[in-house]
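Descriptive analysis of the structure
Chain by chain, the residues run as shown.
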Amino acid sequence: MPLLLLRHLSGRYVSIIFLLLWLVLPNAHAIDRYQIDPEHTFSVFEYNHWGLSLQRGRFDKNTGTIELDTANKTGSVQFEIDTASVSTGTALFDTSLRSPSFFDAMQFPKIAFKSNALRFDDAGKLTGIDGDLTIKGITKPAKFELTQFNCRFMVIYLRSACGANGYTKILRSDFNVGRYVPFVSDEVTLYFSVEAIKE
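None of these values were measured; they are calculated from a predicted model. Per chain, residue numbering runs from 1 following the sequence as it is written. Totals for whole chains, interfaces and linings use every residue, but because this is a predicted model, local features are given only for residues with pLDDT of at least 70 and side-chain atom pairs only at 80 or more, for both listing and counting. As a convention, hydrogens and water are excluded, and side-chain values are obtained from all of the structure's heavy atoms.

Digging into the pattern of salt bridges
Salt bridge, as used here: a side-chain nitrogen of Lys or Arg that lies within 4 Å of a carboxyl oxygen of Asp or Glu. Evaluated as defined, the whole model comprises eight salt bridges. Here Glu 67 ties to Arg 33 by a salt bridge, and the two come within 2.9 Å at their closest N and O atoms. Residue Glu 67 is found in strand β4 (residues 62–69), and its partner Arg 33 is found in strand β1 (residues 32–36); the two are separated by 34 residues along the sequence. Think of it in three bands: residues with accessible area under 20% of the maximum for their type are buried, residues over 50% are exposed, and the middle band is partly exposed, with areas taken using a 1.4 Å probe on protein chains only. We classify Glu 67 as partly exposed; its relative accessible area is 25%. Ionic pairing is found between Asp 130 and Arg 119, a salt bridge with its closest N-O pair at 2.8 Å. Per the convention used, a helix needs a DSSP run of H or I reaching at least four residues, while a strand needs a run of E reaching at least two, with both numbered from the N terminus.

The following block contains the structure:
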C-alpha cells in the first residue's frame, strides 16, 4: 500500500517526504562539535622545587574545540593556551615565566595541542587523547590520560556539554624551557580541567 501511494504522489511531494525523514531520523554518523568554555577550563602545571615541595601554577586563558562521535569511537581535539595568562600567585614569578628564559610569551603567545587519536573504552567512553604538543615552536608527541569524562544536557545552556579532567607528563627541557634543571625538576605534570558546550 505505501508503494502504491508513493506512485500516485508527484516527484515534488516525494522529495519533500524524504527530506523530512532525513531531518527527523537520527544520523548514526553525526559528529558532535563542542566549543571549550573558557570560564570552566584551566591548565595547571606541577613541578618539584629543589626537592622541597611540589609547586603549581596555571594558565587562565584556554580556547579550543572538541569533536566527538562516540558511536564510532572517533573525534578530535584542538586546544590552545595563552602563555601570557600564566598565574602562580606571585607577580614577579609570573613576569619571569613570560620572559624568554621560560615561555617567551611575546614571541610564542600560544601553547597548542592537536590530537591525532582519541582512545575509547568498550562502552564508548573517552579515556585518553594522543596528539602533538607545541611549546615555544617545538612540537613533541603527548599522551593525555583522562581521570574523568562525562557529558550531559545542561539546563543553564539549553544544550549538551561535556567535561573532563586529565594529565600528561613532559620534560620541559624538550621544549627549550629547561632553565634551572636539575635543581627545579625537568619533569612537569600538565593537568587540565575542561568543560565544553555543544554548538
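Structural notes on the nonpolar core
Nonpolar side chains in soluble globular proteins generally cluster together in the buried interior. Here, nonpolar core refers to any group of buried Ala, Val, Leu, Ile, Met, Phe, Trp, Tyr and Cys residues whose side-chain atoms link them within 4.5 Å. The biggest cluster of nonpolar side chains holds 37 residues, and the ones touching the most others in it are Phe 45, Leu 68, Phe 103, Leu 126, Ile 129, Leu 133 and Ile 135. It is strand β11 (residues 187–198) that contributes the most residues to this core, five residues altogether. When sequence neighbours within four positions are dropped, the list of residues in contact with Ile 129 reads Val 77, Phe 113, Ser 115, Ala 117, Leu 118, Arg 119, Ala 142, Lys 143, Phe 144 and Leu 146. Contacts were defined at the residue level, with two residues in contact if any of their heavy atoms lie within 4.5 Å.

Brief notes about the confidence of the model for the protein chain
Each residue carries a pLDDT score, the predictor's confidence in it, ranging from 0 to 100. Per-residue confidence for the protein chain gives a mean pLDDT of 89; residues scoring 70 or more make up 85%. Within the model, the stretch residues 17–28 combines pLDDT values under 50 with four contacts to residues more than four positions away or in other chains.

Concerning the state of the cysteines
The definition used for a disulfide is geometric: two cysteine sulfur atoms within 2.5 Å. Scanning the entire structure with this criterion turns up one disulfide. One disulfide bridge connects Cys 151 with Cys 162, the sulfur atoms lying 1.9 Å from each other. Every disulfide takes its handedness from the sign of the S-S torsion; for Cys 151 and Cys 162 that torsion is 105°, giving right-handed. Taken as a pair, Cys 151 in strand β9 (residues 138–154) and Cys 162 in strand β10 (residues 159–171) lie far apart in primary sequence, 11 residues in all. Look at Cys 151 and you get partly exposed, because its relative accessible area is 34%.

Side note on the packing of aromatic side chains
Stacked, tilted and edge-to-face pairs are distinguished by plane angle, under 30 degrees for stacked and over 60 for edge-to-face with tilted covering the rest, among Phe, Tyr and Trp rings (Trp via its six-membered ring) whose centres lie within 6.5 Å. Under the definition given, this model contains nine aromatic pairs. Centroid distance Trp 50 to Phe 183: 4.9 Å. Interplanar angle 15°. Geometry classified as stacked. Residue Trp 50 is located in the loop between β2 (42–49) and β3 (53–59), and its partner Phe 183 is located in the loop between β10 and β11; the two are separated by 133 residues in the primary sequence. Residue Phe 183 is classed as partly exposed on the basis of its relative accessible area of 48%.

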